[in-house]
Every structure is written in C-alpha cells, then in structure tokens.
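# Remarks on the overall topology
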Amino acid sequence: MALLTVKNLTKSFGGLTAVSDVNMQIEEGELVGLIGPNGAGKTTLFNLLTGVYEPTTGKVILNTHGKEREIQGKKPYNICGEGIARTFQNIRLFKELSVLDNVRIAMHQRVGYNMMDAFLHTPKYVKEEERMIKEAEELLDIFHLSHKKFEKAKNLPYGEQRHLEIVRAMATKPDLLLLDEPAAGMNPNETAALTETIAQLRRDFGLTILLIEHDMSLVMKICERIYVLNYGQMLAKGTPDEIRNNKQVIEAYLGEER
Amino acid sequence: MDVRQSRKKNTVITLVLALGSFAIVQGLIMAGMIRSYQMVTVATICINIILAAGLNLVTGFTGQFSLGHAGFMAIGAYVCAILTLRDGSMGSFFIGTILGAVMAALCGVLIGIPTLRLKGDYLAIATLGFAEIIRIFAQNLVITGGAAGLSGIPKFTNWPMLWAFTVVTLILIIAFIKSSHGRACIAIREDEIAAESMGINTTKYKVMAFAIGAFFAGVGGALYASTFYILKPTTFGFMKSIDILMVVVLGGMGSMTGTVIAAAVLAIITMLLQSFSELRMVLYAIMLVAIMLFRPQGLMGDRELSVPGFIKKRQKKAPKAE
C-alpha cells in the first residue's frame, strides 16, 4: 500500500469545484511533483491534505509505521501529528519571533514536559529545552541558518525565509513533506541550490516529498513522477519525460493549436 | 545560549528586582513617605499588575482580544469576600483566594470553549457579554449582597503580602511564556493557520491561556476585596475591564515589563491628579491620547527589559573596531 492514497477527492466552494475527483498515490520515499496552470487547484489540494479545508467527498489514506488510517477531515494539528508537514506558498512564518523560536514551536507536539514543568522550570524543562535547541540548530544547519537563530524571522532575506519554512516543517518530524512552491521568487542560482538541498533532505531523512512548483527546471530535475492538475481535475501523470511530451499538458499550459 | 546558564542569570535578575522593589517600598513606608493614603496607590499598582499580567497573556501573547477580565476578577473577589465574611481567619483568606481563582479559571474554560472560535471584535463582544452576566448575577444574588454589595470584608492584605502575590504571579506567567506551551500561545497570535499546521491545537491553547488569565484575575479580585473592604457589582462593570486593558495596551501588548511599568505609571498619575479634582479625568484622557499618538505600540512594545540586552545595546552603539 502506498504511503499516501488520495481517492476521488472533491472540494466544492458553493458552485465552484476547486478540486474534482482527484486520485493520487505516493509511494514511500518518492519525490513527486504537482504542477498545473494558475488556479488549477494545487494549493487547494494541499489544504485538503493538511486539513485546512474539509473535503466535500473522497478519502485521504495515510499508511506509515505499519498503520493505515483515513485522515480526511481531521484538524490540521492532528494531521501534523500523523506525520504530514507543509510549507506555505505565501510565506507564513511567525514573523515577530526569532528563527530559533519558529523551529521550536514546530517541535511543541513532541515536547516532553507538562504545564507544571512549564510554570516552575523544573530540571525536566531544562533538559527538554536543551534538547530542542540542539535539534533545532542541527536542522538550521542544513540551510546554514544557525548563525541567525536569534534574528527575527521577518528580518531574514526572502530566500532564507523560504528555507526557514522548510526547516520549520522538518522540525515536526514528518514522514511526508508537502512543499508549496519552495522556489517561488528565487533566482536560477538559488533554485539550483534549493534543488540540491531538497534532494539531500530526502536522502538524509528518508522523507517522502510532494511539491508544487512552477519552476520546471526544478520539477523536471528532481521529481520522479509528476501529477498535472488543470481546472481541478487530474490531467495527466507520469515521469518528467512523459509529461514533457504529453499533448494535453502542453495544451493546458500553452493553449490549443488552431 | 545555554539554557542552564540563562536560567541562573534570570534567577539572579529576578531576585534583585523583586527584593529591590520590596526594599524600596518598605523603606519608604518606614521613612513615613508612604502613609495609608499612598498605600492605596501601592495596593492598586500591585492588584493591577496581577490583573493585567493575566490579561496580557490572553491579549498580548495569545492575541485574543478580551473585554471580560472584570468578570473573572468579580468571581475571585466575591468568593474570597464571602468566605472571609463567614470566618475571618487568615486561613480562610488564603483558601478564598485560591478557591476564587480556581472558580474564575473554570469559568474561563467554560466561557472560552464556545467563544474562542470567534476572532477579534466578535470575541471582544462575547467576552464583554460574559462579564456583564457575572455582574448582573452579583447584583441579584442574595449571597453577594445584591446591589448594595458586601461590606466590612476583613482586611488581610498588607504590603509584604501584596508584594509576594505580585512577584509570584509575574514569575509564574513569565515562566509559562518562556516554555514550549507559552511559545505555542504566541504562535497563535503570530499566525493561527501556520500554528495549527505545525501541530498546535489552537483551541486548546487559547482556552488554556484564557483559563490562566482568569485564574490570576481571580487572585487579583480576591486581593481587591480584602484590600478595599467593600464590593459592589458596579465596581466590576465594563469600565473595569477597560482599565485593565488600558494597562496592557499602554505597557505594550506582549511585554510583561511594560505591564508592570504601565500599572505603576497609571496609578501614580491618578494619585497625582487627585488635586485637580474636576479636570482629573480630562487630563488623564489627554495623557492617554498623547501616549497612543506618540507610542502606539505601548511604552515597551513587545520587548522586555533585560539587563544583558541593555549591555548589548550599549556595546552596539560604540563604534566597531575593524
């Protein structure tokens, strides 16, 4: 059974069907791309997978650690606990907080002390905080952000803010990482570096990754399989080469030949 | 930064500030500079710090705009007053304070679960409604003395006691804010959707912050009852909630240092303006308008006064040798 199975997932907002009857399968360890023209429903699909929206119909089945369960309609924090983490297309960092705090907040669900320890700063609190800082620094090191850990998130340059979002998502210890346009607004050099890091993340942490991206250089280079969404429907799926030569996909992006 | 090291440093700073503030006021009392008239101001400062610290956790740190703090305060005040009127011993005062605080916290949970799904202005109106319900209850129940209220409440509070309650409240709330649970609350203020996606049960932490805020409002209310002998339902009206909110906003939402400073500044201004009688409230209002115009983020913004930070700032100002 695949790590993530999406069955006939549909989301309607009133009369508008943003995601319609989508089927999808992601195997463990895969790096899958999700592409499509603007307004195709990619981010809506992410929001459905992470519980921000409740699907109108359909199922999302997650299969990790030998357990299979349906997760559609669950709250975002429960889904995060199940092992799905995400980044946001329009960066949603905790802007006024330090880089370190941004990462530590994502570790909260695994914190090993209770309210009383929090009020009294018991030895347990000290031990756990030390562990969290150490782990946060290790994660920040991946993107060379450790030296900026005390800076406010809003003061980081744009590219580093995007990196911090990935670090923050990683801090929840996910099995499946959803990246929503990680390379948006980056120049070709930065995109190339990011492509490398994503591939490295997946190797080092044994992650499964699903990413939305418009930058084809990134998608075609690292994704093993690609799903194409258009007007809320799954238009095509296949390897990068298949997608590149798929007539329907080309039409969706460039318009039909007359 | 090493957690142990910073904890040790914070302990030292806390001790210095706490003992220092105690020594100064105690000195002034012994020197005869603070008499019973000024003592009212000192008591008001302490009680307002306790009330506002709780509200700051809810409004400043968790970002939930509440106008119902006077309601929780009333619960603590009446519970403590009723108990001490029955049995005027020190023990019943402490039990009353704790019981009042716990009951206020329970009400916080009860009122928080349905209302905290509301946001911004809507939440403010809902909490305001709740505080009015408490006030109307106090006005009509026999046990609370009806509209006449309760009087002759035994006085147990004195400067050392008020000081101890204030210091303990501040230490507990600041410790909470500096924990993972506190960070979860702050994350809700910063970005609720992101917080939820990062595994934080936002409803749970909003209710938790609300309950903690209510708990300390209950403590503040109990101290109020014991300090001022008299309780009237009108004391806990809308204006009381606004008064507490004013301390929080003026000090800076999300700054405990600011809350302490603002509580002191406002109480002292009120005291100094006593001699202007009719013009008092006008001057007070003008001062508030001026502060909001020139420092809309509050006196401290969201920063805390920290000794190491102060030293760092001075070093930064000095030209760098490169």
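Think of each chain on its own: its residues are numbered from 1, step by step along the sequence as written. Each chain gets a letter, beginning with A, and each ligand a number, beginning with 1, in the order they are written. For this predicted model, a pLDDT threshold of at least 70 governs which residues receive local features, and a threshold of 80 or more governs which side-chain atom pairs are given and counted, while totals over whole chains, interfaces and linings are taken from all residues. Side-chain measures here rest on the full set of heavy atoms in the structure, leaving out hydrogens and waters.

## Concerning the state of the cysteines
Residues and elements named next belong to chain B. To keep it simple, the criterion reads: By disulfide we mean two sulfur atoms from cysteines, separated by a distance within 2.5 Å. Relative accessibility under 20% of the residue-type maximum defines a buried residue, over 50% an exposed one, and the middle range a partly exposed one, all with a 1.4 Å probe and only protein chains included.
For the structure shown, the criterion picks out zero disulfides over all chains. Summary of cysteine pairing: Cys46 is not part of a disulfide, and the nearest cysteine sulfur, belonging to Cys80, is at 16 Å. Since its relative accessible area comes to 6%, Cys46 is described here as buried. Looking at Cys80, it has no disulfide partner, and the nearest cysteine sulfur is the one in Cys107, 16 Å off.

## Regarding the pairing of strand β2 (residues 16-26) of chain A
All names here are of chain A. How we decide: A strand pair is defined by DSSP finding two or more bridges across the two strands. Where helices and strands are cited, they refer to DSSP runs of H or I of at least four residues and of E of at least two residues respectively, numbered from the N terminus.
Sheet analysis places strand β1 (residues 4-13) next to β2, joined by seven bridges and oriented antiparallel. Directly across from Leu9, in β2, lies its bridge partner Val22. Connecting the antiparallel pair β1 and β2 is a turn made up of two residues, with Gly14 showing a positive phi of about 60°.

## Some points on empty space enclosed by the protein
Where we set the bar: Site definitions follow a grid-based scheme: protein atoms alone, a 1 Å grid, a 1.4 Å probe that fits but cannot get out for cavities, and for pockets an open set with protein on both sides within 12 Å along at least five of seven lines, plus lining residues having an atom within 4 Å of a point. Grid points are joined across faces, edges and corners, and a volume is the space filled by probe spheres set on the points.
For the structure shown, the criterion picks out one cavity of 30 Å³ or more. Within this model, the largest cavity holds a volume of roughly 30 Å³. Around the largest cavity, the lining residues are Thr50, Pro76, Ile79, Cys80, Ile84 and Arg86 of chain A together with Ser197 of chain B. Mapped by element, the contributors of at least two residues to the lining of the largest cavity are α2 (76-82) and β6 (84-86) of chain A. Of all the elements, α2 of chain A adds the most residues to the lining of the largest cavity, at three residues.

## Details of the domain arrangement of chain A
Residues and elements named next belong to chain A. Definition in use: Annotation comment: domain bounds sourced from an automatic or database domain assignment. Residues are treated as being in contact if the distance between any of their heavy atoms lies within 4.5 Å. Using a 1.4 Å probe, buried area is obtained as the accessible area two parts lose upon being combined, added over both of them. The term salt bridge refers to a side-chain nitrogen of Lys or Arg lying within 4 Å of a carboxyl oxygen of Asp or Glu. Under this definition, polar contacts are N or O atom pairs within 3.5 Å; protein pairs additionally need one hydrogen-donor-capable and one acceptor-capable atom, and for neighbouring residues in sequence, both atoms have to be side-chain atoms. The nonpolar class holds Ala, Val, Leu, Ile, Met, Phe, Trp, Tyr, Cys and Pro. Asp, Glu, Lys and Arg form the charged class, and all remaining residues, Gly among them, are polar.
With domains assigned, chain A is organised as domain 1 (1-83 + 174-258) and domain 2 (92-172). Relative placement of domain 1 and domain 2: their C-alpha centres are 27 Å apart. Every contact between the two is made by 17 residues of domain 1 and, on the other side, twelve residues of domain 2. Here domain 1 packs against domain 2, burying approximately 1,200 Å² in sum over the two surfaces, 74% of which is carbon and sulfur. The interface formed by domain 1 and domain 2 holds zero salt bridges in total. Our count for the contact surface shared by domain 1 and domain 2 stands at three residue pairs in polar contact (both at pLDDT 80 or more). Sorting elements by how many residues they give to the side of domain 1 that touches domain 2 places helix α7 (residues 188-205) first, with four residues. Residues belonging to the side of domain 1 that touches domain 2 are distributed by class as follows: twelve nonpolar, three polar and two charged.

## Focus: the sheet that holds strand β3 (residues 31-35) of chain A
All names here are of chain A. This is how it is decided: Axis definition: a line fit to C-alpha positions, over the contact stretch in the case of helices; interaxial angles, taken between N-to-C directions, run 0 to 180 degrees.
Spatially, β6-β7-β8-β3-β9-β10 is the arrangement adopted by the six strands of the open sheet, whose pairing is mixed. Edge positions in the sheet fall to β6 and β10 (233-238), since each of these pairs with one other strand and no more. Between one strand and the next, the sheet's axes are offset by a mean angle of 20°, whatever the strand orientation. Where strand β7 (residues 176-180) meets strand β8 (residues 208-212), five bridges bridge the pair, whose relative direction is parallel. Paired with Asp180 across the two strands is Ile212, which belongs to β8. Across the sheet, α7 is in contact with β3, β7 and β8; its angle to β8 comes to roughly 155°.

## Focus on the sheet that holds strand β4 (residues 57-64) of chain A
Residues and elements named next belong to chain A. Reading across from one edge, β2-β1-β4-β5 is the order of the four strands in this open sheet, with antiparallel pairing throughout. Two strands bound the open sheet, and with one partner strand each, they are β2 and β5 (67-70). When strand polarity is set aside, the average angle formed by the axes of neighbouring strands in this sheet is 20°. The pairing of β4 with β5 spans four bridges and is antiparallel. The partner of Thr64 across the bridge, within β5, is Lys67.

## Focus on the packing of aromatic side chains
For clarity, the threshold we go by: Think of it this way: a Phe, Tyr or Trp ring, Trp meaning its six-membered ring, pairs with another when their centres are within 6.5 Å, and the plane angle makes it stacked under 30 degrees, edge-to-face over 60, tilted otherwise. A ring has a charge above it when a Lys NZ or an Arg CZ is no more than 6 Å from the ring centre and no more than 35 degrees off the ring normal.
Scanning all chains against the criterion turns up 14 aromatic pairs over all chains. Between Phe94 of chain B and Phe165 of chain B the ring centres are 6.3 Å apart and the planes differ by 25°, which places this aromatic pair in the stacked class. A residue pair is termed long-range when its members are at least 10 positions apart, and Phe94 of chain B in helix α4 (residues 90-115) and Phe165 of chain B in helix α6 (residues 159-177) qualify at 71 residues. According to the relative accessible area criterion, Phe165 of chain B is buried, its value standing at 17%. Taken together, the aromatic side chains of Tyr78, Tyr224, Phe228 and Phe236 of chain B make up a single cluster linked through ring pairs. Positioned over the ring face of Phe88 of chain A is Arg92 of chain A, at 5.7 Å from the centre of the ring.

## Looking at the interface of chain A and chain B
Chain A puts 40 residues into the contact, and the matching count from chain B is 33 residues. The largest per-residue losses of area from chain A upon contact with chain B belong to Tyr77, His108 and Phe119 of chain A, which jointly make up 22% of the total buried on that side. Taken together, the connections running from chain A to chain B amount to three salt bridges. As a salt-bridge pair, Arg4 of chain B and Glu130 of chain A come within 2.9 Å of each other at their nearest N and O atoms. Breaking the side of chain A that touches chain B down by element, the ones donating at least two residues are α2, α3 (99-106), α4 (115-120), α5 (123-142) and α6 (158-170) of chain A. Take the side of chain A that touches chain B: its biggest share by element is six residues, from α5 of chain A. Taken together, the residues of the side of chain A that touches chain B sort by class into 22 nonpolar, six polar and twelve charged.

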